[in-house]
Amino acid sequence: MIAGITVYLFLSTACPLSNRLQPEIARIQADYTPRGIRFAKGDAAAARKFGARVTPQVVVTGPNGRVVYRGRIDDRSPALGVYREPSKHDLRDALDALLAGGTVAVAETPAVGCAIQFDAPKQNATITFSKQIAPVLFRNCAGCHRANGTAPFALTTHADAAPRASAIAQVTRARLMPPWKAEPGAHAFRGAMRLTDAEIRLFEQWAKEGAPEGDPAATPPVPAFRDGWQLGEPDMVIRMPKPIRVSASSPDLYTCIVVPVNLPADRYVRAYEFRPGDKRVVHHAILFVDGLRAARKNGETYPCFGVPGFLPSAALGGWTPGFTATEYPPKTAVALRKGTDLVMQVHYHPAGTDTEDRSEVALYFTPDPPQRRMMEIALGSRNIDIAAGERRYLVRDRFELPVDVEVTGIIPHAHYICREMTGRATLPGGRRVELIRVRDWDFNWQRHYHYEKPFVLPAGTRLEMDFVYDNSAANPRNPSSPPKRVQWGPDSGDEMAGLHVQVIPVRNEDATELGQALWGKIMRGIRETRPAPPR
Ligand code: HEC
C-alpha cells in the first residue's frame, strides 16, 4: 500500500455536470479508499492553492504534497451540457499508475465544468446585485431558476447568485443560458429569451468585482410566479399510467410512453400544458396523437430516440424547461377521437440520484370544431451521408407554396452534429425573409418556436432550408470520438434534417391544394432518396 496520496474533489451541487458524475465519484471512492487513497473535499482555498478553476475537477497530490494530476475525472463531457459514454478514465488511470509505483502518464487534462467564484466583493464595485443584476436575473432567469422552477437551483436572491457569479458569466457569455437557440430575426418569437450584449457584460463585470450585494433595500421584488396549471382548471388531466424509473447512473433515456386518453366522445383541444413529474430529470418531451392506436404494439413504454416508432395522426406539441401552456391560434384546434392514445416521447437526463417520473398533460377543450386548418410543411432530407471528419456538410431543401398561407410557428430538428440552421422564404418578387436562424444548434435545447405575430406568405413563395453539419473531432457535441461516418436514421448516432413550418391556409378551401402539393413533395423525396454508395 502506498501512503500519502490525496484526491481533492472540487464539486458543486449547483453544477449539473458535477451531480451527473456523483455515482462515478462514489464508485471511485469505494474502489480506492481500501487501497489507501485519501479523498478530501476541495474548498475555495484549496482551489486557489492547486489551481482548480471549475467544478467538477480533481487534483491528486503525492506523498510530498506535490500535484501529480489535475483535471477531469473522465472524458464524458467534452463541453458543458454534452454527455457521452466516457472512453478515457483519467482519474482512475492516474491512481492505478501511482498505486503501481509509477508516474501519471497524463498529468494534466482539461476539466470542463462550472467556473468557481473566487473573488471577494471589492470595495469600489460599480455593479451590484440589488441595482443591476437582480433585474436581469428576474426578467431572464428566474422563470426557471426559482423555488419549484425547472432549473436545478434558484437565482432569486443574492445568496443564490453570488457563489455562482463566475458560472453565470461563463454560461451567458457562451449563450448556453438562457437556453434559447434562435437568433433574433425578421419575425419575433413568442417568449423569446435572449440577453443583450450589455447584459452579458454586466454579469462579467459583477463576477470580476466579487459579486457584491449593494443595498438590499434597493433590490426589486421577486416577480410572482404561478405554480399551478397556467390556464386554470383543465378539462382533463392525463397522466403516465406508470412511473418511469431513471437511475442515477443510467445514460440519457429516450422513452415513448403510451397513454390511453379514455375520452367519452370526440373532443377538440384548444390548449395543453405538460407538467414533468420530476423536473430534475425530464429534459424535453414531444406529445403525439395516436388516433389509430398503433404505438401500443411496441409496448406500454419503449425506447425511441429520433422518431416515435409509429405514424402519428397529429402532434399536440412539445415541452422544454421554461415552456408553460400552449394555446393554439384562434379558430383552430387539434381533434382527439374517442379511442385515441397519446404518446409522450420523453428525453430523460439523469440527475445524480435514483428517481421516478410520472408526468402529466392538462387538456383544455373547446366545443367549436376548427374553422381554420393548421398544417405543417416539412422541409428536410433523408439524403444524409457525412464522412468522418467532414466539417461543413450541407443539407438543403426547397418547397414552393401553391397557395397563400399564414405562418404561425416553426420547429427545427436535427441530432447532435448539426451546427447551423437557416430557414428562409423568398417571395415572388425576390425579397427574402428569414424564418429562423440558429448558429449553435444544441439537440438538448430543441423547441417549438411560435411567432409573436403570425404573418402571411403569398403563393409562389419559395421556402428554403440550409442545415450545416460538423462531423469532425473539433465539434464538442459529436457523440463519437473519434468521429464516425454518419447517415440518415432515427438513432442518436444517426442524423436527421427537418424544418417544420406551421401554417394556416389563408383560404380554407386551399387546404386540399396545399395537401396535394405536400404529398407530391413526399413522393419526389422518396424517388430521390438513393441508397448511399458504400465507402
Ligand atoms: C428555460 C429555463 C431556463 C432559463 C430561462 C434559464 N435557465 Fe439556467 N438552467 C436551466 C436548466 C434546466 C439547467 C440545468 C441544465 C442541465 O441539467 O444540464 C440550467 C443550468 C444553469 C447553470 C449551470 C451550468 C449549466 O449550464 O449546466 C447556470 C450557471 C445557469 N443555468 C444560469 C442561468 C442564467 C444566468 C440564466 C438567465 C440569464 C438562466 N440560467 C436562464 C434552465 C433555465
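Up top is the structure.
Values in this document were obtained by computation on a predicted structure and should not be read as measured data.

**Some points on the packing of helix 2 (residues 22–32) against helix 4 (residues 90–99)**
And then number 1: One way to put it is that helix 2 packs onto helix 4 with a least axis distance of 11 Å and a crossing angle of 10 degrees. The angle between helix 2 and helix 4 falls in the class roughly parallel. Across the interface between the two elements, Glu24, Arg27, Ile28, Asp31 and Tyr32 from helix 2 touch Leu91, Arg92, Leu95, Asp96 and Leu99 from helix 4.
And then number 2: Its residues placed into classes, the contact of helix 2 with helix 4 shows 5 nonpolar, no polar and 5 charged.

**Some points on the sheet that holds strand 21 (residues 393–400)**
And then number 1: Pairing within the open sheet is antiparallel, and its 4 strands lie in the order 21-26-23-24. Only two strands of the sheet have a single neighbouring strand rather than two, namely strand 21 and strand 24 (432–438). Pairwise comparison of adjacent strand axes, ignoring direction, gives a mean angle of 15 degrees for this sheet.

**A short note on unusual backbone geometry**
And then number 1: In this model, Thr55 is joined to Pro56 through a cis peptide bond whose omega is -5 degrees.
And then number 2: Its location among the elements puts Pro56 in the loop between strand 3 (54–55) and strand 4 (57–61).
And then number 3: The step from Ser481 to Pro482 runs through a cis peptide bond, and the omega angle for that step is 0 degrees.
And then number 4: Mapping Pro482 onto the fold places it in the loop between strand 26 (462–469) and strand 27 (486–487).
And then number 5: Of note in the backbone geometry, Ala211 takes a positive phi value of approximately 55 degrees without being a glycine.
And then number 6: Among the secondary structure elements, Ala211 is positioned in the loop between helix 8 (197–208) and strand 7 (236–239).
And then number 7: Judged by relative accessible area, which is 2%, Ala211 ranks as buried.

**Description of the pattern of salt bridges**
And then number 1: Counted according to the given criterion, the structure contains 38 salt bridges.
And then number 2: With its nearest N and O atoms 2.7 Å apart, the salt bridge here joins Asp90 to Arg72. Within this pair, whereas Asp90 is found in helix 4, its partner Arg72 is found in the loop between strand 5 (67–71) and helix 4, the two being separated by 18 residues in sequence. In this structure, Asp90 and Arg72 share a single accessibility class: buried.
And then number 3: When the shortest N-O distance is used, the salt bridge between Asp385 and Arg485 registers 2.9 Å. Of this pair, Asp385 sits in strand 20 (residues 385–386) while Arg485 sits in the loop between strand 26 and strand 27; the two residues are 100 residues apart in sequence, bridging distant segments of the chain.
And then number 4: Salt bridges here are not isolated pairs; linked through shared partners, they connect Arg396, Arg398, Arg424, Arg462, Glu464 and Asp466.

**A short note on the sheet that holds strand 13 (residues 314–319)**
And then number 1: Ordered in space as 12-9-16-11-13, the 5 strands form an open sheet in which the pairing is antiparallel. The open sheet has two free edges, formed respectively by strand 12 (301–303) and strand 13, since each of these has just one partner strand. When strand polarity is set aside, the average angle formed by the axes of neighbouring strands in this sheet is 20 degrees.
And then number 2: Two strands pair when backbone bridges link them, and strand 11 (residues 282–290) and strand 16 (residues 341–348) are joined in this way by 8 bridges, in the antiparallel orientation. What sits directly across from Leu287, in strand 16, is Met344.

**Looking at helix 4**
Each α-helix winds once per 3.6 residues, and so residues spaced three or four apart point in a common direction.
And then number 1: Counting buried positions along helix 4 gives 7 out of 10 residues, so the element sits mostly inside the fold.
And then number 2: For helix 4, the set of buried residues is Asp90, Leu91, Arg92, Ala94, Leu95, Leu98 and Leu99.
And then number 3: Where the residues of helix 4 are buried, they touch strand 1 (6–10), helix 2, strand 4 and strand 5.

**Things to note about the packing of aromatic side chains**
And then number 1: Here the structure, examined in full by the defined rule, presents 15 aromatic pairs.
And then number 2: Aromatic pair Tyr272 and Tyr328: ring centres 6.2 Å apart, planes at 40 degrees, arrangement tilted. In this pair, Tyr272 sits in strand 10 (residues 267–275) while Tyr328 sits in the loop between strand 14 (325–327) and strand 15 (334–336), placing the two residues 56 residues apart along the sequence.
And then number 3: With a centroid separation of 6.4 Å and 85 degrees between ring planes, the pair formed by Phe288 and Phe310 is classed as edge-to-face. Here Phe288, found in strand 11, pairs with Phe310, found in the loop between strand 12 and strand 13; they are 22 residues apart in sequence, far enough to count as distant. Considered together, Phe288 and Phe310 belong to a single accessibility category, that of buried residues.
And then number 4: Feature note: the residues Trp180, Phe189, Tyr449, Tyr451 and Phe455 constitute an aromatic cluster, connected by ring pairs.
And then number 5: Over the ring of Phe153 we find Arg164, and its NZ or CZ is 4.3 Å from the ring centre.
And then number 6: Above the face of the Trp229 ring, Arg275 is positioned so that its terminal group lies 3.8 Å from the ring centre.

Conventions used here
Residues numbered from 1 in each chain as written. Predicted model: local features only at pLDDT ≥ 70, side-chain atom pairs only at ≥ 80, totals over all residues. Heavy atoms only, no water. Axes fitted to C-alpha atoms, helices over the stretch in contact; angles between N-to-C directions. Helix = DSSP H or I, 4+ residues; strand = E, 2+ residues; numbered from the N terminus. Parallel < 35°, antiparallel > 145°, perpendicular 65-115°, else oblique. Contact = heavy atoms within 4.5 Å. Nonpolar A, V, L, I, M, F, W, Y, C, P; charged D, E, K, R; others polar. Pairing = 2+ DSSP bridges. Buried < 20%, exposed > 50% of the residue type's maximum accessible area, 1.4 Å probe, protein only. Salt bridge = Lys/Arg side-chain N within 4 Å of Asp/Glu carboxyl O. Phe/Tyr/Trp six-rings, centres within 6.5 Å; stacked < 30°, edge-to-face > 60°. Lys NZ or Arg CZ within 6 Å of the ring centre and 35° of its normal.

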